[in-house]
Amino acid sequence: MTSTNAHTTPANRPASTPTNTPTNTPTTAITNIAALVTNDPSLGDGSPIGLIQDAAVVIGGDRVVWVGESSKAPATDNAVDAGGRAAVPGFVDSHSHLVFAGDRTQEFNARMSGRPYSAGGIRTTVAATRAATDDELSANVAKYLAEALRQGTTTQETKSGYGLTVADEARALRVAARHTDEVTYLGAHIVAPELADDPAAYVALVTGDMLDACAPYARWVDVFCEKGAFDGDQARAILTAGTAKGLVPRVHANQLSYGPGVQLAVELDAASADHCTHLTDPDVDALAHSRTVATLLPGAEFSTRARWPDARRLLDAGATVALSTDCNPGSSFTSSMAFCIALAVRDMGMTPDEAIWSATAGGAAALRRTDVGRLAPGARADLVLLDAPSHVHLAYRPGVPLTHAVWRAGERVR
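Residues numbered from 1 in each chain as written. Predicted model: local features only at pLDDT ≥ 70, side-chain atom pairs only at ≥ 80, totals over all residues. Heavy atoms only, no water.

J.: Help me understand the overall build of the protein chain, please; the structure alone is not making it clear to me.
T.: Scanning the protein chain from terminus to terminus reveals 14 helices and 16 strands. Counting only C-alpha atoms, the protein chain reaches 70 × 45 × 45 Å along its principal axes. Among the 414 residues that make up the protein chain, the fraction classed as buried is 58%. Restricting the contact set of the protein chain to residue pairs at least 6 apart, pairs at least 24 apart contribute 71%. For the protein chain, the accessible surface area stands at approximately 15400 Å², while carbon and sulfur atoms represent 51% of it. If you average the places of the 34 positive and of the 45 negative side-chain charges in the protein chain, the two averages end up 3 Å apart. (Helix = DSSP H or I, 4+ residues; strand = E, 2+ residues; numbered from the N terminus. Buried < 20%, exposed > 50% of the residue type's maximum accessible area, 1.4 Å probe, protein only. Contact = heavy atoms within 4.5 Å. Areas by Shrake-Rupley, 256 points an atom, 1.4 Å probe, with all protein chains shown as cover. Lys, Arg positive; Asp, Glu negative; His and termini not counted. Charge placed at Lys NZ, Arg CZ, Asp CG, Glu CD.)

Written out as structure tokens, the structure reads:
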């Protein structure tokens, strides 16, 4: 079980041991980092975020090869002076819905005037997405990924779910797979309008022909287990069928009401249970004693004026918590992980250290990745340099664009 409140390693650990890189691979040292978040408790101050003061990172190819105090950095081919800024791992956004067309401004405006959010609003985006061309959908995905990258998101999951026919779901996943490796089949977002009166037939489609067409393009299978979408038995059938096709389950769980989603996620060893807004004590206990990550999506609560997930309750129980944007056109139209960090600290009971861990290493855990979400030797060289002396400024200065520079896989992309 990995959670930010569970590590008790000693402080003042030494610098990392350099990893071997091919002799012809140029190396770059980023030095004069005021405070470096490594997410490796064996480094730096020994805390869960492995904080190193006055630090340096050495990149070789697409990997981190050394981290430690700036004065002890090994000789490199190139050098970048961080200018006393803080550095954090690239954000890992493990839950988004970027393959869509259309706009739901009117719905948002009405909701802010008092109308509650319900799952049915998804149908508006379904109609617009079906009408869009492949090129239009691809351009939208590229635009929002670029927007997120400028803000420091270097790993991004995204889903289908706005097509709801065999052809439209398959093309959504083909489009997504052009832009990211973390692709999720969400044919079970809601029941397709054409089969609204026969949900059993739609479940059969999602677990049959649609799954056959979509599985080759996806890594994950997801289901919206919620009133107005899919009940526990339907969700189990969908996730079990996806697993049989080699996809790993994740679940939209317990967002709008108490329900079976979290327990089902744990039962099926899902990588994550996402939203987790309405939890019973047994739900919290189940998450704490499993490897299913509780992914919290504060942008959705912000945009729907819903109750906040209780991150403190989950962390104190020992559950692993991730933060993600849930970027989608209906209930959380933000790509800013920094904004989600600020919300989590202000309204969900997280400390700044816990929030940065959850937005990086937590997201990596929700994607069952060990190569991202940390800055230690062997990790992918995904790094964000902040226009601030500490990662705490992500919550301390909400809404301020603090991203100064971004490296992804060793390449500076901003």
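J.: Would you explain the sheet that holds strand β9 (residues 220–225) in this entry?
T.: Taken together, eight strands build an open sheet; the order of strands is β6-β7-β8-β9-β10-β11-β12-β13 and the sheet is parallel. Strand pairing shows two members of the sheet lacking a second neighbour, β6 (91–93) and β13 (321–323), which therefore form its edges. Direction aside, the axes of adjacent strands within the sheet are offset by 25° on average. Across three bridges, strand β7 (residues 153–159) lies against strand β8 (residues 182–188) in parallel orientation. Bridge pairing in β8 links Thr-158 to Val-183. Sheet contacts for helix α4 (residues 166–177): β7 and β8; angle to β8, the most-contacted strand, approximately 165°. Helix α7 (residues 232–244) contacts β8, β9 and β10 (248–253) of the sheet and is inclined by roughly 175° relative to β9. (Pairing = 2+ DSSP bridges. Axes fitted to C-alpha atoms, helices over the stretch in contact; angles between N-to-C directions.)

J.: Just checking my understanding: could you explain the side chain of Asp-222 for this structure?
T.: Topologically, Asp-222 is positioned in strand β9. At 3.1 Å, the side chain of Asp-222 forms a polar contact with the side chain of Lys-159. Within polar-contact distance, the side chain of Asp-222 engages the side chain of His-252 at 3.0 Å. Residue contacts for Asp-222: discarding those within four places in its chain leaves Lys-159, Thr-184, Tyr-185, Leu-186, Ala-188, Ile-238, Leu-239, Arg-250, Val-251 and His-252. (Polar contact = N/O pair within 3.5 Å; in protein donor to acceptor, adjacent residues only side chain to side chain.)

J.: Sorry, what's going on with unusual backbone geometry here?
T.: Most peptide bonds take the trans form, and the phi angle of most residues other than glycine is negative. Despite not being glycine, His-275 shows a phi value in the positive range, around 100°. Mapped onto the fold, His-275 is located in strand β11 (residues 272–275). Not every positive phi belongs to a glycine, and Ala-409 is a case in point at roughly 50°. Among the secondary structure elements, Ala-409 is positioned in the loop between β15 (403–408) and β16 (411–412).

J.: Would you explain the pattern of salt bridges in this entry?
T.: Where charged atoms from two side chains of opposite charge approach closely, those side chains can pair. Enumeration over the complete set of coordinates arrives at 23 salt bridges. The partner of Asp-387 in a salt bridge is Arg-85, and the shortest N-O contact between them spans 2.8 Å. One end of the pair, Asp-387, is in the loop between β14 (383–386) and α14 (393–396); the other, Arg-85, is in the loop between β4 (78–81) and β5 (87–89), with 302 residues separating them in the sequence. Relative accessible area serves as the criterion here: at 39%, Asp-387 is assigned to the partly exposed category. Several salt bridges converge on common partners, so that one network encompasses Glu-182, Arg-219, Arg-369 and Asp-371. (Salt bridge = Lys/Arg side-chain N within 4 Å of Asp/Glu carboxyl O.)

J.: What is the right way to look at the environment of Arg-171 in this model?
T.: With respect to the helices and strands, the residue Arg-171 is situated in helix α4. The exposure class assigned to Arg-171 is buried, which follows from its relative accessible area of 8%. Put simply, Arg-171 and Cys-225 are 54 residues apart on the chain and 24 Å apart in space, counted from C-alpha to C-alpha. When neighbours within four sequence positions are excluded, Arg-171 is seen to be in contact with Thr-129, Arg-130, Ala-132, Thr-133, Asp-134 and Leu-137.

J.: What is the right way to read the pairing of β11 from this model?
T.: The side chains of a regular strand alternate between the sheet's two faces. Alignment of β10 against β11, held across three bridges, turns out to be parallel. Bridged to His-252 within β11 is Asp-274. Taking the sense of rotation as the criterion, the β-α-β connection linking β10, helix α8 (residues 261–267) and β11 turns out right-handed. Bridge count for β11 against strand β12 (residues 293–296) is three bridges, and the pairing is parallel. Counterpart to Ser-272 in the pairing with β12 is Val-293. (Right-handed = clockwise from strand over helix to strand, strands pointing away.)

J.: Would you mind showing me how to read the packing of helix α3 (residues 134–150) against α4 here?
T.: For any two helices packed against each other, one specifies the crossing angle of their axes together with the interaxial distance. Taken N-terminus to C-terminus, the directions of α3 and α4 make an angle of 45°; their axes are 9 Å apart at the nearest point. In terms of their interaxial angle, α3 and α4 are classed as oblique. The interaxial crossing formed by α3 with α4 has right-handed handedness. Touching Asp-134, Leu-137, Ser-138 and Val-141 of α3 are Arg-171, Arg-174 and Val-175, all from α4. Here the contact of α3 with α4 is built from residues that sort into three nonpolar, one polar and three charged. (Parallel < 35°, antiparallel > 145°, perpendicular 65-115°, else oblique. Left-handed = near helix turned anticlockwise from the far one by under 90°. Nonpolar A, V, L, I, M, F, W, Y, C, P; charged D, E, K, R; others polar.)

J.: In this structure, what is going on with the pairing of β8? I would like to understand it.
T.: Most of β8 sits inside the fold, with seven of its seven residues counted as buried. In terms of strand pairing, β8 meets β9 through three bridges, oriented parallel. Across the sheet, residue Thr-184 finds its bridge partner in β9, namely Trp-220.

J.: What is the right way to look at the nonpolar core in this model?
T.: A general feature of soluble globular proteins is that nonpolar side chains tend to end up buried together. With 86 residues, the main nonpolar core has Tyr-185, Phe-230, Leu-287, Leu-314 and Leu-323 as its most contacted residues. The contact partners of Leu-323, leaving out residues within four places of it in the chain, are Val-92, Leu-296, Pro-298, Met-337, Cys-340, Ile-341, Ala-344, Met-348, Met-350, Ala-355, Ser-358 and Ala-359. The next biggest cluster of nonpolar side chains, apart from the first, holds 19 residues, and it includes Leu-36, Ala-82, Leu-375 and Ala-376. (Core = buried A, V, L, I, M, F, W, Y, C linked by side-chain atoms within 4.5 Å.)

J.: Would you mind going over α4 with me for this structure?
T.: Spacing of three or four residues puts side chains on the same side of an α-helix, whose turn is 3.6 residues. Across its 12 residues, α4 extends 17 Å between first and last C-alpha, which sits within 8% of the 16 Å expected from 1.5 Å per residue. Taken together, the buried positions of α4 are Asp-168, Glu-169, Ala-170, Arg-171, Ala-172, Leu-173, Val-175 and Ala-176. Those residues of α4 that are buried are in contact with α2 (122–131), α3, β7, β8 and α6 (209–214). (Expected span 1.5 Å × (residues − 1).)

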